[in-house]
Structure formats: C-alpha cells, structure tokens
Amino acid sequence: MLKNFLLQNEIAAHFDESLKKHTTFRVGGNAMCIAMPDTAEKASLLLKFLKENNIRHYFLGNGSNVIFRDEGFDGVIIKTFNFKTLSLDGNILTAGAGVTMTSAAKFAQENSLAGLECCYGIPGNIGGGVYMNAGAYGGEISACIESVDYLDENGELHTVTKEECDFSYRHSVFMKNNWLIVSARFALKEGNSAELLAFMEDIMQRRRDKQPLDKPSAGSSFKRPVGYFAAALIDECGLKGLSVGGAQVSEKHAGFIVNTGEATCRDIVRLADKVTQIVLEKKGVRLEKEMIII
Ligand SMILES: Cc1cc2nc3c(=O)[nH]c(=O)nc-3n(C[C@H](O)[C@H](O)[C@H](O)COP(=O)(O)OP(=O)(O)OC[C@H]3O[C@@H](n4cnc5c(N)ncnc54)[C@H](O)[C@@H]3O)c2cc1C
C-alpha cells in the first residue's frame, strides 16, 4: 500500500535501506522506507497518508547530527534533501530545507550579503540547521532568520516568525513539535563579498586544522556546558583515544567521537556515556549529548 502510494505520487523512495548511507556517522540498521519528496505538496500528501495509516515517521536532513540504533527504524524516514529552492528578493534569501548550509552561505556571499557565514562548512542542510539552531565561530543560523515555513502533523502549511521559533543555544520550537521544515527566509545585510569569502575560507581552514574530518562522526558529540568547553573538559580528563568497539574519542579533537571503521550505534552510546560519567566524576560537570539518537 505504501509502495503504491509513493509510486502514484511520484515520491522517490528506498525500501529496507541501510541508514549507514544516510548519516555522517555511518552507523545504524535499516529503515523500512526512506521517502524523498521533492515538493511541500508531496510531503503534505505523504504526512496525511502516514497519519491515516498509523505509520510512524522521522524527518532527516543530511544526517549529520543523528545516529540510528543498530536495530534500525521500523517506519518511514522523510528525507527533505530534495527541497532545493534557493532564491533572493532584495536582501531576503529563501532556502529550501534540503539546501546545504554551505551552499546557502556561499550564495549569500556571492551576492554580497552577510549573515550566514557562520554556517559555512557545517555539513547539514537548512532544515536540520534550523531545527538544531546550528552555529559556529560565534554565530548561529537563527541570527538572521526572518521566518520558517513548515508542515504540521496534519500536512498543513504554516509560517512561524523568528520569535515563534523560540531559538536558543542548539534549541528551537521544532524540537517540541512534529513539524516538517519546508524552507526558511533569512534577512541578510549588505556586506563586502571579498571580505565575507576571506572569513568563510578562514573558518573552513580552522575546521580542517582542528576537526577529524577524515573520519565519520556527527561533529561535536556534546553540547557546550555553561561556562565550559566540552572538548577541554574531556581532554583534561585524559580521554582522547578512549575507545569502545569501533567508537573512539578523537585524538585530534576531544569533543568529537569518531567511527574508526566498524563502530555500531551501541559502541557510540556506550562511549558517550562513559565519557559523561568520567567528566562528571573528575570535573563535576554533566555533559549533555548534542547528537540525536533514534
Ligand atoms: C564534521 C561535522 C562538523 C559539524 N560542525 C558543526 C558546527 O560547527 N555547528 C553545529 O551546530 N553543528 C555541527 N555539526 C552537526 C550538524 O551538522 C548540525 O547539527 C546540522 O544542523 C544538522 O543538519 P542535518 O541536515 O544534517 O540534520 P540531521 O542530522 O539530518 O537532523 C538533525 C535534526 O533535525 C531534524 N530535521 C532535519 N531536517 C528537518 C526538516 N526538514 N524538518 C524538521 N526536522 C528536521 C531531524 O529530525 C533531527 O532531529 C557538525 C557535524 C559534523 C559531522
């Protein structure tokens, strides 16, 4: 029935698909189905169909902050990677949920518009970036957001303003609601294209210098505790290189847990819990995971 629905509505899909291929950590079992609608209308129909048929679902962007359990996901993953609209109206940039944050930042820079530079090099899409309120090097994606279009659990399209998004550090209103982010509008400021490019290239180089980009990961495994840096705390506890199975605290950046090749989701969770416990014992600070485990 699901297959027929997807075929009839021309929604691309994979069945019994390994989630390793869809997350940057390269772990996880299989999903019953990964559906990739390319318009909000198709996504809306899909949400209605899944609700009517009581089929569970989960939204996925580029999978750079999510890991799935080794048992897999017995439902439909709705991947918004095909929502690729990217346009400019004056200083208002509109980007579909599937546009990479890096290409949105580059597009803005090429048009001499400032505001999205901090997103350059974050390996996620606009949808995942808005959901997470992603940020780096002193900036957050929310800083220049004007509004976000989303589909609610009934497949109805709505718009929320920046204030209604309730952004704070790695937090947004979308975490409390089962809403599918369709696109976001950013109010950008005039900037100098060459200066913006130089800043973006500098932060990209800092990423290459400091982060273990050659190994699968979900970026920083832990949120920044108030008043501390997770990586510094982990490093001071001597935990670089600590391993559980194929999961390892990166030797290059203690804030990253990496997959050395054959890690399972269980390895990653056990290692993250071990790190949390040791840091709490030695430093009295409770780390909270930034990566999302499904
Ligand atoms: C090497 C590396 C470096 C990183 N550096 C940074 C960094 O500097 N700063 C930072 O903040 N993060 C960083 N990250 C983490 C990650 O890239 C961000 O959290 C990013 O915002 C996730 O985007 P995504 O598209 O991959 O989302 P996913 O990982 O696919 O999803 C993240 C969450 O968003 C939800 N979601 C995704 N798309 C939608 C949608 N369309 N509608 C509703 N919900 C949706 C998912 O359900 C999930 O809960 C890094 C990751 C890696 C691997």
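Procedures and definitions
- Going along each chain's sequence as written, the residues are numbered from 1 onward.
- Local features in this predicted model are restricted to residues whose pLDDT is 70 or higher, and side-chain atom pairs enter the listing and the counts only when it is 80 or higher, whereas totals over whole chains, interfaces and linings include all residues.
- Water and hydrogen atoms play no part in the side-chain values, which are based on all heavy atoms of the structure.
- Nearness is judged by heavy atoms alone; a residue qualifies as near a molecule or strand once a single heavy atom is within 4 Å of it.
- Polar contact criterion, stated in full: a pair of N or O atoms within 3.5 Å, where within protein one must be able to donate a hydrogen and the other to accept it, and residues adjacent in sequence count only if both atoms are side-chain atoms.
- Using the Shrake-Rupley algorithm and a 1.4 Å probe, accessible areas are obtained, with residue cover drawn only from the displayed protein chains.
- Secondary structure elements are defined from DSSP: runs of H or I of at least 4 residues count as helices, runs of E of at least 2 residues count as strands, and each element is numbered from the N terminus.
- The split of the chain into domains comes from an automatic or database domain assignment.
- Working rule for contacts: check all heavy atoms of both residues, and any pair within 4.5 Å makes them a contact.
- Summed over both partners, buried area is the accessible surface (1.4 Å probe) that two parts give up on being assembled.
- Here a salt bridge means any side-chain nitrogen of Lys or Arg lying within 4 Å of a carboxyl oxygen belonging to Asp or Glu.
- Polar here means any residue outside two lists: the nonpolar Ala, Val, Leu, Ile, Met, Phe, Trp, Tyr, Cys and Pro, and the charged Asp, Glu, Lys and Arg; Gly therefore counts as polar.

**Considerations on the site of the ligand**
Item 1. Among the 37 residues in the neighbourhood of the ligand, the closest are listed as Y58, F59, G61, S64 and G135.
Item 2. Taking F59, its main chain carries an N or O atom lying 2.6 Å from an oxygen atom of the ligand.
Item 3. In this structure, an oxygen atom belonging to the ligand sits 2.8 Å away from a main-chain N or O atom of N125.
Item 4. Relative to its free-state accessible area of 970 Å², the ligand is covered by the protein chains to the extent of 95%.
Item 5. Within the residue set of the shell around the ligand, elements represented by two or more residues are strand 3 (57-60), helix 4 (126-132), strand 9 (135-136), strand 13 (180-187) and strand 15 (217-220).

**Points about the domain arrangement of the protein chain**
By a widespread convention, an interface's size corresponds to the accessible area lost as its parts come together.
Item 1. With domains assigned, the protein chain is organised as domain 1 (2-82), domain 2 (86-195) and domain 3 (212-287).
Item 2. Each partner contributes residues to the interface: domain 1 has eleven residues there, and domain 3 has eleven residues.
Item 3. Between domain 1 and domain 3, the buried area comes to about 950 Å², and carbon and sulfur atoms account for 60% of it.
Item 4. The interface formed by domain 1 and domain 3 contains two salt bridges.
Item 5. Across the pair R266 and E71 runs a salt bridge, and its minimum N-O distance is 2.7 Å.
Item 6. The interface formed by domain 1 and domain 3 contains six residue pairs in polar contact (both at pLDDT 80 or more).
Item 7. For the side of domain 1 that touches domain 3, a count of residues per class yields four nonpolar, three polar and four charged.

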